[in-house]
Amino acid sequence: MHLVAIGGSDAGISAALRARELDPSVDVTVVVADSFPNFSICGIPYYFSREVNPWQSLAHRTHADLEATGMQLRLDTLATGIDVVARQLTVRDQYGAASTIAYDELMVGTGALPSTAGIAGLDQLGPADGVHLLHSMGDTFALERYLDEQHAETAIIVGAGYVGLEMAEALTVRGLHVTQLQRGAEVLSTLDPELGSLVHDELTRNGVDVITGTRVERVSRENGQLTVAGMHDGQPFAQTADVVLVVIGVRPNTSLLTEAGASTGAGGAVAVDEHMHTGLPHVWAAGDGVVTHHRLLGVTYLPLGTTAHKQGRVAGENAVGGNARFAGSLGTQVVKVFDLVAARTGLRDHEATAAGYTPHSGTVIADDHKAYYPGAKPLSIRITGDTDSGVLLGAQLVGARGAEIAKRVDTYAAALHHSMTVDAMSDLDLSYTPPLGSPWDAVQIATQAWSRGVRSFQLR
Ligand SMILES: Cc1cc2nc3c(=O)[nH]c(=O)nc-3n(C[C@H](O)[C@H](O)[C@H](O)COP(=O)(O)OP(=O)(O)OC[C@H]3O[C@@H](n4cnc5c(N)ncnc54)[C@H](O)[C@@H]3O)c2cc1C
């Protein structure tokens, strides 16, 4: 049996590793458009901040590690077409030579492409002009070269999602003055604004100029000067900088599969079932190019590295005859912004309402550990639960780095995965010692406050 995986990032490599792990007799070939298989693109901001150096350290596994698992890597090779009937892949190598690869099973992990969301000028301006996108090692080297060679001192980051925030920190740490432009009313729009504002304050405290309510319409370059222009709170807006980084999300990279006959679903991503099957015979797909099964929302599009790993593993297992099922995402995510950490899992109020729940959300501030032990830090925790059934629907957390925000959001994620009620969170046997927690952990202080809030609301 010959399994061919397209894509050398989280989904493609996870599928290839799982297939070889389950059945070492399977021949596995991974076709990768560039020369950087299994690089952690999630770590790119820390290369720019110089916390991770050299860039080779970003590899989850080296080329040799991967080959030691028995997989064959076809690097700098672009998959250009799938012949589903003949079970054949057409590829083009770095010299432009076309050839075909026969497969028994195919797993497509071509991921996503950075969105440019209709901003005029981005089709004409590129890295050599100081206008950058950020999704691959190639993008990373281009931005690094520009920063170095042009001695850039000022940057505009378009977008304040988690990649934009991580890059605001990285470029600031590196000595650039950063202006961050955000279309919405608050940064990190995956959180409710009252928590997003804490992240905003952390950016400001560290010297980032944050301008919210700004719709960027075009980027231009005249006389060596880059200008970002648009509307800010209904008024024309323009600002100049030495370098512009556009990080406003991604769109699924689907053309290879749609041209082969696959259909698309949520977010324009390729439709797959929970077994990661595309509906095309012997063709599986996983990662940022495909829809995401969500445990609370059904089918959605929520591209994340953790999800790509899990989906790839399922696809790899099923491609070699297994019957694995992707259990579904909860959209759990976490980001570090300077000395603050923000996280969420599950649904916020408006998402829960749209999904047919009757949600209530409440925020508390609780210490990460007993206040009498030095260094206690306040955490803001916002719980969303269903007032009809009492089930937990989501949690958002913001607090200091070192206050275990990531692991606390994971407690909520585990509870959500098992459909726990908010009240039942008090039954969890969570750990306690004064320097690290409280007899009722902050996780439970927040859920108990939610229950009190709902009861008083219902008594009114
Ligand atoms: C800066 C940054 C930080 C991030 N941080 C986080 C984080 O902290 N946590 C998190 O969960 N997620 C994070 N993400 C998102 C995460 O990186 C992605 O969800 C994940 O990489 C998706 O993996 P993938 O395998 O689906 O696709 P991609 O990573 O997009 O990779 C696609 C692969 O397919 C190859 N390819 C594409 N087309 C072809 C073709 N035609 N032929 C051959 N090869 C092809 C590409 O070369 C690449 O190897 C971050 C993303 C970025 C950009």
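Parameters at a glance
- Residues numbered from 1 in each chain as written.
- Predicted model: local features only at pLDDT ≥ 70, side-chain atom pairs only at ≥ 80, totals over all residues.
- Heavy atoms only, no water.
- Helix = DSSP H or I, 4+ residues; strand = E, 2+ residues; numbered from the N terminus.
- Expected span 1.5 Å × (residues − 1).
- Buried < 20%, exposed > 50% of the residue type's maximum accessible area, 1.4 Å probe, protein only.
- Arc of directions from axis to C-beta.
- Salt bridge = Lys/Arg side-chain N within 4 Å of Asp/Glu carboxyl O.
- Near = heavy atom within 4 Å.
- Polar contact = N/O pair within 3.5 Å; in protein donor to acceptor, adjacent residues only side chain to side chain.
- Areas by Shrake-Rupley, 256 points an atom, 1.4 Å probe, with all protein chains shown as cover.
- Nonpolar A, V, L, I, M, F, W, Y, C, P; charged D, E, K, R; others polar.
- Domains from an automatic or database assignment.
- Axes fitted to C-alpha atoms, helices over the stretch in contact; angles between N-to-C directions.
- Left-handed = near helix turned anticlockwise from the far one by under 90°.
- Contact = heavy atoms within 4.5 Å.
- Buried area = accessible area lost by both parts, 1.4 Å probe.
- Phe/Tyr/Trp six-rings, centres within 6.5 Å; stacked < 30°, edge-to-face > 60°.
- Pairing = 2+ DSSP bridges.
- 1 Å grid on protein atoms, 1.4 Å probe; cavity = no way out; pocket = protein on both sides within 12 Å on 5 of 7 lines; lining within 4 Å.
- Points joined across faces, edges and corners; volume = space filled by probe spheres on them.

**Student:** I'm lost on helix α10 (residues 405-417) in this one. Help?
**Tutor:** Two residues of an α-helix separated by three or four positions point the same way, owing to the 3.6 residues in each turn. If you check α10, its first and last C-alpha atoms are 18 Å apart, about what 13 residues at 1.5 Å a residue would give, namely 18 Å. Within α10 the residues assigned to the buried category are I405, R408, V409, Y412, A413, A415 and L416. Looking straight down α10, one finds its buried side chains confined to an arc of 160 degrees; they lie on one side. Just past α10, the residue S419 takes up positive phi, approximately 50 degrees.

**Student:** Help me understand the pattern of salt bridges in this model?
**Tutor:** Pairing between side chains becomes possible if they bear opposite charge and their charged atoms approach one another. Under the counting rule described, the total for this entry stands at 15 salt bridges. We note a salt bridge from R382 to D192, for which the minimum N-O separation is 2.7 Å. One end of the pair, R382, is in strand β24 (residues 378-386); the other, D192, is in the loop between β11 (177-181) and α6 (193-205), with 190 residues separating them in the sequence. Relative accessible area serves as the criterion here: at 9%, D192 is assigned to the buried category. When salt bridges that share partners are traced, they join R50, E144, D148 and R174 into one network.

**Student:** Teacher, can you tell me more about the site of the ligand here?
**Tutor:** Neighbouring the ligand are 31 residues; S9, A11, A79, D288 and G305 lie closest to it. A distance of 2.7 Å is found between an oxygen atom of the ligand and a side-chain nitrogen or oxygen belonging to S9. When the ligand is considered free in solution it has 1000 Å² of accessible area, and contact with the protein chains removes 88% of it. Among the elements of the structure, α1 (10-22), β4 (78-83), α5 (162-173) and α8 (305-319) are those that each provide at least two residues to the shell around the ligand. For the shell around the ligand, the element with the most residues is α8, which contributes three residues. Here the shell around the ligand is built from residues that sort into 16 nonpolar, 12 polar and three charged. Looking at the shell around the ligand, you find at least three residues from each of domain 1 (2-112 + 250-319) and domain 2 (127-246).

**Student:** Can you help me understand unusual backbone geometry in this one?
**Tutor:** Of all residues except glycine, most have a negative phi; of all peptide bonds, most are trans. Across the junction of N53 and P54, the peptide omega takes the value -5 degrees, indicating a cis bond. Relative to the elements of secondary structure, P54 occurs in the loop between α2 (44-48) and α3 (63-68). Unusually for a residue other than glycine, E404 sits at a positive phi of about 55 degrees. Its place among the elements puts E404 in the loop between β25 (392-400) and α10. At S419, a residue that is not glycine, the phi angle is positive and equals roughly 50 degrees. With respect to the element layout, S419 can be found in the loop between α10 and α11 (442-459). A relative accessible area of 54% means that S419 is categorised as exposed.

**Student:** Sorry, what's going on with the packing of α1 against α8 here?
**Tutor:** For any two helices packed against each other, one specifies the inter-axial angle together with the distance between the axes. Orientation of α1 relative to α8, taken along the N-to-C sense of each, is 35 degrees, at an axis distance of 7 Å. Between α1 and α8 lies a crossing of right-handed hand. Within the contact between the two elements, α1 uses D10, A11, S14, A15, R18, A19, E21 and L22 and α8 uses G305, A308, H309, G312, R313, G316 and E317. In terms of residue class, the contact of α1 with α8 is made up of five nonpolar, five polar and five charged.

**Student:** Mind showing me how you'd approach the domain arrangement of the protein chain here?
**Tutor:** You'll often see interface size given as the accessible area lost when the parts meet. Here the protein chain is partitioned into domain 1 (2-112 + 250-319), domain 2 (127-246) and domain 3 (339-459). Computed from C-alpha atoms alone, the centre-to-centre distance between domain 2 and domain 3 is 32 Å. Between domain 2 and domain 3 lies a buried interface of about 1000 Å² when both sides are counted; carbon and sulfur atoms form 56% of it. Where domain 2 packs against domain 3, one counts three salt bridges. On the surface where domain 2 and domain 3 come into contact, there are 10 residue pairs in polar contact (both at pLDDT 80 or more). Here the residues of the side of domain 2 that touches domain 3 sort into six nonpolar, two polar and three charged.

**Student:** Sorry if this is basic, but what is going on with the packing of aromatic side chains here?
**Tutor:** The geometry of an aromatic ring pair comes down to the distance between the two centres and the angle between the two planes. Under the defined criterion, the tally for this structure stands at six aromatic pairs. With a centroid separation of 5.6 Å and 80 degrees between ring planes, the pair formed by F36 and F39 is classed as edge-to-face. For F39, a relative accessible area of 9% puts it in the buried group. Ring centres 4.9 Å apart and planes at 75 degrees place the aromatic pair W55 and F141 in the edge-to-face group. Linking W55 in the loop between α2 and α3 with F141 in helix α4 (residues 137-150), this pair joins segments that are 86 residues apart in sequence.

**Student:** What should I look at first to understand the sheet that holds β11 in this one?
**Tutor:** Pairing between the strands of a sheet comes from backbone hydrogen bonds, and it takes one of two forms, parallel or antiparallel. Across the sheet, five strands lie side by side as β9-β16-β10-β11-β12; this open sheet has parallel pairing. Edge positions in the sheet fall to β9 (131-132) and β12 (209-211), since each of these pairs with one other strand and no more. Strand direction decides the pairing type here: strand β10 (residues 154-158) and β11, joined by five bridges, are parallel. Within the sheet, the bridge partner assigned to I157 lies in β11 and is Q180. Strand contacts of α4: β9 and β16 (243-246), with the helix running at about 160 degrees to β16, the strand carrying the most contacts.

**Student:** For this particular structure, what's the right way to read the environment of E186?
**Tutor:** For E186, the location among the structural elements is in the loop between β11 and α6. Given the relative accessible area of 14%, E186 is considered buried. On a C-alpha basis, the gap between E186 and I211 in space is 9.0 Å, while along the polypeptide they are 25 residues apart. Side chain to side chain, E186 and H200 meet in a polar contact 2.7 Å long.

**Student:** Whenever I open this one, the layout of surface pockets confuses me. Can you help?
**Tutor:** Gaps left between atoms show up when a probe the size of a water molecule is rolled over them. Here the second largest pocket defines a volume of roughly 280 Å³. In terms of lining residues, the second largest pocket is bounded by 14 residues, among which K310, G328, S329, L330 and T332 are the most central. Counting residues per element, the ones that place at least two in the lining of the second largest pocket are α8 and α10. Classifying every residue of the lining of the second largest pocket gives six nonpolar, seven polar and one charged. Two domains share the lining of the second largest pocket, each providing at least three of its residues, namely domain 1 (2-112 + 250-319) and domain 3 (339-459).

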